[in-house]
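Structural characterization, general
Chain residues, written in single-letter form:
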Amino acid sequence: MRVLVIGSGAREHALLVALRRDPQVDALAIAPGNAGTAAIADQYQVDITSGDEVAALARQVEADLVVIGPEVPLVLGVADAVRDAGIACFGPGKDAARIEGSKAFAKDVMAAAGVRTAASEIIDNPAHLDAALDRFGKSVGEPAWVVKDDRLAAGKGVVVTPDRTVARAHAAALLEAGHPVLLESYLDGPEVSLFCLVDGQTVVPLLPAQDFKRVGDHDTGPNTGGMGAYAPLPWLSAEACRDIAAEIVEPVAAELVKRGCPFTGLLYAGLTITSQGPAVIEFNCRFGDPETQSVLALLDSPLGQLLYATATGKLADFGELRWRSGAAVTVVLAAENYPGKPRMGDVVLGAEADGVLHAGTARREDGAIVSSGGRVLSVVGTGADLKAARTAAYQIMSSIRLPGSHFRHDIGLAAAEGKITV
Ligand code: AMP
Ligand code: GLY
């Protein structure tokens, strides 16, 4: 099987590494990739937001399967263009990708499917902002405001704060820039990322993971795209995950079928386990980054065959997934000033070690690896349990050098110490 992966993050590097373990995969290509993926796949530069360019590349490399990593090409309909070219594609079409691309669509689908999620309201008129902030402050009886940019914002358009002034300033700035604002009620509890393979009605959950969104240790500072993740979750049973798949993800998949836009690919349920049970924070239409790096490190089933079965409507026949025992911990190394405008162009040392997955890296003419993005790389450690996996991940991190860079020191720590309960 010849596979073309679209994207350039550590998520895509992890996909390539797992695809390469599948004995049926004999050729790997990626566009646009990074310095790390270039070592294991043929790399091409095309505009990945163009369906025509991606479909043409898929034909050129004679791909049997195209796997689209990021949300932006999916929301723009790149998967439709690949399928129209007669090539199997792992990733939803434009219509189904609205589950991530349009918060209003997602809320509507969830309401129709009877799925619990935060109450929400879209504000597009600054004159209505104060009254809405008051309603949300009061209606939930919680001291926290949740203010979101109602467009794709790579996880960085969200402010969760107990301070009305901060909430108001974020909302006002978005409105000022002409962006509608989504206000949500605050959901309290530990978060879960449950990735599910979906082909139409069939839903197969992967191992659950937890992502660390805030930039600083102990959940301080602004939200980021994700600073680390671990899997599985010692505090969430396999039965609870099956229930989430059956009671939340299956009804949503069925609702998308009913609306004439069946989902094909990875449906990512971002949940909070509240005192009243799981509630959805958001759905994404793709693998999450950095959770994928942890989840795929534990997958024992052949990934190429699994994604191909999903893309061709044969997921129901694939059989039980196999997993390695133990745990995996991913820690992200970010450039100075991330999640603000990152410092770039510095030499990264130690990035070619085992367990390092590249994201914002490029190879300079003299052969050095240099930073070229906010999240520069992920390190992935595995072990018999979370504690051992943490030790392994931080061991790899300790041998990497990048001036001004930072990472979180507490990925998976509370769970390893048994401090998370639901
Ligand atoms: P999102 O981009 O919607 O995934 O939001 C980013 C992060 O903000 C989430 O992972 C949560 O940590 C937090 N968040 C978003 N919505 C809520 C909510 N309604 N209640 C509590 N936290 C939230
Ligand atoms: N890890 C969060 C995301 O991929 O959206």
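As a reminder, the structure under discussion sits directly above these lines.
For every chain, the first residue of its written sequence is number 1, and the numbers climb from 1 along that sequence. As they are written, the chains are lettered A onward and the ligands numbered 1 onward, keeping that order. Whole-chain, interface and lining totals are the exception, using all residues; otherwise, since this is a predicted model, local features are given only for residues with pLDDT of at least 70 and side-chain atom pairs are given and counted only at 80 or more. Only hydrogens and water are set aside; all other atoms, that is, all heavy atoms of the structure, feed into the side-chain values.

Quick word on the nonpolar core
Counting residues in each nonpolar core, the largest one holds 78 residues, and the members touching the most others are Val66 and Phe283. For this analysis, a nonpolar core means a set of buried residues of the types Ala, Val, Leu, Ile, Met, Phe, Trp, Tyr and Cys, connected via side-chain atoms within 4.5 Å. Partly exposed describes any residue whose relative accessible area lies between the buried limit of under 20% and the exposed limit of over 50%, with all areas from a 1.4 Å probe on protein chains only and scaled to the type maximum. With 42 residues, the next largest nonpolar core counts Val3, Ala88, Val295 and Ala297 among its residues.

Quick word on the pattern of salt bridges
By definition here, a salt bridge exists when the distance from a side-chain nitrogen of Lys or Arg to a carboxyl oxygen of Asp or Glu is within 4 Å. What the rule picks out here adds up to 23 salt bridges. Its salt-bridge partner being Asp346, residue Arg343 comes within 2.7 Å of it at the nearest N-O pair. Since its relative accessible area comes to 35%, Arg343 is described here as partly exposed. Sharing partners across several salt bridges, the network here consists of Asp108, Glu255, Lys258 and Arg259.

A short note on the site of ligand 1
Around ligand 1 lies a shell of 15 residues, among which Lys148, Leu187, Glu191, Lys213 and Glu282 are the nearest. For this analysis, a polar contact is any N or O atom pair within 3.5 Å, provided that within protein one partner can donate a hydrogen and the other can accept it, and provided that sequence-adjacent residues contribute only side-chain to side-chain pairs. At 2.9 Å, a backbone N or O of Ser185 approaches a nitrogen atom of ligand 1. Glu282 places a side-chain nitrogen or oxygen 2.6 Å from an oxygen atom of ligand 1. Reported accessibility uses the Shrake-Rupley method at a 1.4 Å probe radius. Residues are deemed covered only where the shown protein chains occlude them. Expressed as a share of its isolated accessible area of 480 Å², the protein-covered part of ligand 1 is 92%. If you list the elements that add at least two residues to the shell around ligand 1, you get strand 7 (145-149), strand 8 (158-161) and strand 17 (277-284). A class-by-class count of the residues in the shell around ligand 1 yields seven nonpolar, three polar and five charged. Proximity criterion: a residue is near a molecule or strand once any of its heavy atoms comes within 4 Å of it. Helix and strand assignments follow DSSP, with helices taken as H or I runs no shorter than four residues and strands as E runs no shorter than two, numbered in order from the N terminus. Residues are sorted three ways: Asp, Glu, Lys and Arg are charged, Ala, Val, Leu, Ile, Met, Phe, Trp, Tyr, Cys and Pro are nonpolar, and all the rest, Gly among them, are polar.

Here's the deal with the sheet that holds strand 2 (residues 27-32)
Whether two strands pair comes down to DSSP finding at least two bridges between them. Spatially, five strands are ordered 3-2-1-4-5 in an open sheet, and the strand pairing comes out parallel. With one partner strand each, in any of the chains shown, strand 3 (42-43) and strand 5 (88-90) form the two edges of the open sheet. Pairing analysis gives four bridges linking strand 1 (residues 2-7) to strand 4 (residues 65-68), with the strands arranged parallel. When the bridges of strand 4 are listed, Leu4 appears paired with Val66. Whether two residues are in contact is decided by their heavy atoms, any of which lying within 4.5 Å being enough. Comment: axis = line fitted to C-alpha atoms, over the contacting stretch for helices; angle = value between 0 and 180 degrees taken between N-to-C directions. Packing against the sheet, helix 2 (residues 51-60) makes contact with strand 1, strand 2 and strand 4, and its axis sits at approximately 155 degrees to strand 1. Most of the contacts of helix 11 (residues 303-311) go to strand 5, to which it runs at about 105 degrees, and overall it touches strand 4 and strand 5.

Remarks on the environment of Gly189
Tracing the chain through its elements places Gly189 in the loop between strand 9 (181-184) and strand 10 (191-199). Gly189 gets classed as partly exposed once you look at its relative accessible area, which sits at 33%. Each C-alpha atom of the pair Gly189 and Val109 lies 23 Å from the other, and the pair is 80 residues apart in sequence.

Observations concerning the site of ligand 2
Inspection of the region around ligand 2 gives Asp211, Lys213, Gly225, Tyr268, Asn284, Arg286, Gly288, Asp289, Pro290 and Glu291 as its neighbouring residues. The contact in question runs from a nitrogen atom of ligand 2 to an N or O atom on the backbone of Asp289, over 2.8 Å. In the complex, 91% of the free accessible area of ligand 2, which totals 200 Å², lies under the protein chains. Tallied by class, the residues present in the shell around ligand 2 amount to two nonpolar, three polar and five charged.

Points about the packing of helix 5 (residues 94-101) against helix 6 (residues 103-113)
Between two packed helices, the angle of one axis relative to the other and the distance separating the axes together describe the packing. One can describe the packing of helix 5 onto helix 6 by two numbers: an axis separation of 6 Å at closest approach and a directional angle of 95 degrees. If you check the angle between helix 5 and helix 6, you find them roughly perpendicular. Of the residues in helix 6, those in contact with Asp95, Arg98, Ile99 and Gly101 of helix 5 are Lys103, Phe105, Ala106 and Val109. Split into classes, the residues belonging to the contact of helix 5 with helix 6 amount to four nonpolar, one polar and three charged. Roughly parallel refers to an angle under 35 degrees, roughly antiparallel to one over 145, roughly perpendicular to one between 65 and 115, and oblique to any angle outside these ranges.

Points about the packing of aromatic side chains
Stacked, edge-to-face and tilted labels apply to pairs of Phe, Tyr and Trp rings (six-membered ring for Trp) whose centres lie within 6.5 Å, assigned for plane angles under 30 degrees, over 60, and everything in between, in that order. The full count for this structure, using the stated rule, is five aromatic pairs. Between the aromatic rings of Phe195 and Phe287, the centroid separation amounts to 6.2 Å while the plane-to-plane angle is 85 degrees, which identifies the pairing as edge-to-face. On the criterion of sequence distance, the pair formed by Phe195 in strand 10 and Phe287 in the loop between strand 17 and helix 10 (291-297) is long-range, its members being 92 residues apart. Measuring from centroid to centroid gives 6.1 Å for Tyr394 and Phe407, while their planes differ by 40 degrees, and the two rings are tilted. One end of the pair, Tyr394, is in helix 12 (residues 386-397); the other, Phe407, is in the loop between helix 12 and helix 13 (413-416), with 13 residues separating them in the sequence. The partly exposed category is assigned to Phe407, whose relative accessible area is 25%. A connected cluster of aromatic rings, assembled from ring pairs, spans Phe90, Phe195, Tyr268 and Phe287. The ring of Phe105 has Arg98 lying over it, and the distance from NZ or CZ to the ring centre is 4.0 Å. Either the NZ atom of lysine or the CZ atom of arginine qualifies as a charge over a ring when it sits within 6 Å of the ring centre and within 35 degrees of the ring normal.

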